[in-house]
Amino acid sequence: MDGVQLGARFSIATNRLNFCGPADAAPALYRAITTGKDLAAAGRALGGFEALMPYLESIARKHGKSPLDFDVVEAYWIGNRLLDPFDRADFRALLMALTRRGLPRSAADRLAEHLPERPVPHHMFHVGFVGVGTVTGHVPTTLENMESCRPAWARVLEVLPDTLRVERSPLVRDGDRLALGDAARSSVPYDPRVLPDVAPGSVVAVHWGWPAAVLAPAQAASLREWTLASLSAANESLPALGVFRS
């Protein structure tokens with residue numbers, strides 16, 4: 001799997017929901033995932049995802065890489081050590097890049113004023129701190145949508161013809177902060193062409209109700225590590241931002 005294929009796996013669900021990205025992106029993303037073909041077209045499509053590319057470009061620039069390198073894409077969606085050296089100055093520049101993609105300047109300025117000590121350029125931090133839907137305006141920033149939008153790990157209990165029975169810990173509100181709740185069981189639809197090797201005991205990454213990828217053990221551990229780091233960083237700022245203030 002290369003970076004375009006990994007990015008396509010996490011991006012196709014939101015594109016099919018018309019939340020982000022070019023309107024005609026899904027077919028190229030699906031071909032990239034299932035056949036390994038049309039990677040150039042899929043890469044161009046990923047370039048049109050409003051919030052995605054500023055993060056990938058920021059991570060890549062920090063390390064002298066290309067935005068669609070596998071480890072850059074993995075850093076944003078799953079987590080790896082490319083996220084380690086980011087600081088407030090880096091994230092302020094990233095916020096300005098997001099304003100060129102649709103984030104209101106007033107929102108960027110307010111977020112810049114309340115940056116935590118160690119902001120994390122991971123999708124969980126984007127969801128919890130910048131806010132799901134704040135760049136495109138297509139999705140309200142609610143706890144339910146935060147839970148759907150974050151990349152979540154889930155243990156597969158049973159594989160049915162087009163459904164997975166899984167167990168995962170949901171995102172919950174703890175006062176004016178975010179936390180992970182007790183594990184609960186649920187069912188999610190899946191495409192056997194996308195996950196041909198999924199089996200009971202596999203750990204899958206779920207994004208907007210879509211099992212995007214089977215995670216290797218090290219990736220599952222990284223997703224948990226960077227999710228917790230992102231939550232810790234976001235929780236430094238959420239009380240001041242008043243996200244949950246009624």
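Parameters and conventions
Residues numbered from 1 in each chain as written. Predicted model: local features only at pLDDT ≥ 70, side-chain atom pairs only at ≥ 80, totals over all residues. Heavy atoms only, no water. 1 Å grid on protein atoms, 1.4 Å probe; cavity = no way out; pocket = protein on both sides within 12 Å on 5 of 7 lines; lining within 4 Å. Points joined across faces, edges and corners; volume = space filled by probe spheres on them. Helix = DSSP H or I, 4+ residues; strand = E, 2+ residues; numbered from the N terminus. Salt bridge = Lys/Arg side-chain N within 4 Å of Asp/Glu carboxyl O. Buried < 20%, exposed > 50% of the residue type's maximum accessible area, 1.4 Å probe, protein only. Pairing = 2+ DSSP bridges. Axes fitted to C-alpha atoms, helices over the stretch in contact; angles between N-to-C directions. Parallel < 35°, antiparallel > 145°, perpendicular 65-115°, else oblique. Contact = heavy atoms within 4.5 Å. Nonpolar A, V, L, I, M, F, W, Y, C, P; charged D, E, K, R; others polar.

### Focus: empty space enclosed by the protein
Under the defined criterion, the tally for this structure stands at one cavity of 30 Å³ or more. Taken together, 21 residues make up the lining of the largest cavity; nearest its centre are Cys20, Ala51, His123, His126 and Cys149. Looking at the lining of the largest cavity, the elements with two or more residues in it are α1 (3-16), α5 (70-77) and α8 (123-131).

### Some remarks on the pattern of salt bridges
One pass over the structure, following the stated rule, counts twelve salt bridges. Residue Glu167 is joined to Arg185 by a salt bridge in which the shortest nitrogen-to-oxygen separation is 3.7 Å. Taken together, the residues Glu167 in strand β2 (residues 163-168) and Arg185 in strand β5 (residues 184-189) connect sequence positions 18 residues apart. Judged by relative accessible area, which is 56%, Arg185 ranks as exposed.

### Describing the pairing of strand β6 (residues 203-207)
When you tally the buried positions in β6, you get four out of five residues, the bulk of the element. In this sheet, β6 lies alongside strand β1 (residues 152-159) in antiparallel orientation, the contact comprising four bridges. If you follow Arg155 over to β6, its bridge partner there is Val203. Linking β6 back to strand β7 (residues 210-215) in an antiparallel pair, the connection comprises two residues, with Trp208 at a positive phi of about 50°.

### A short note on the packing of α8 against helix α10 (residues 217-241)
Orientation of α8 relative to α10, taken along the N-to-C sense of each, is 10°, at an axis distance of 8 Å. Taken together, the axis directions place α8 and α10 in an arrangement best described as roughly parallel. Counted together, Met124, Phe125, Gly128 and Phe129 of α8 and Thr227, Ser230, Leu231, Ala233, Ala234, Ser237, Leu238 and Leu241 of α10 form the full contact between these two elements. Of the residues that constitute the contact of α8 with α10, the class distribution is eight nonpolar, four polar and no charged.

### Quick look at the layout of surface pockets
Looking at the largest pocket, its volume works out to about 160 Å³. Around the largest pocket, the lining is made up of 13 residues, and of these Arg110, Leu111, Phe129, Val130 and Leu241 lie nearest the centre. Elements that contribute at least two residues to the lining of the largest pocket include exactly α7 (105-113) and α8. Here the lining of the largest pocket gets four residues from one element, more than from any other, and that element is α8. For the lining of the largest pocket, a count of residues per class yields seven nonpolar, five polar and one charged.

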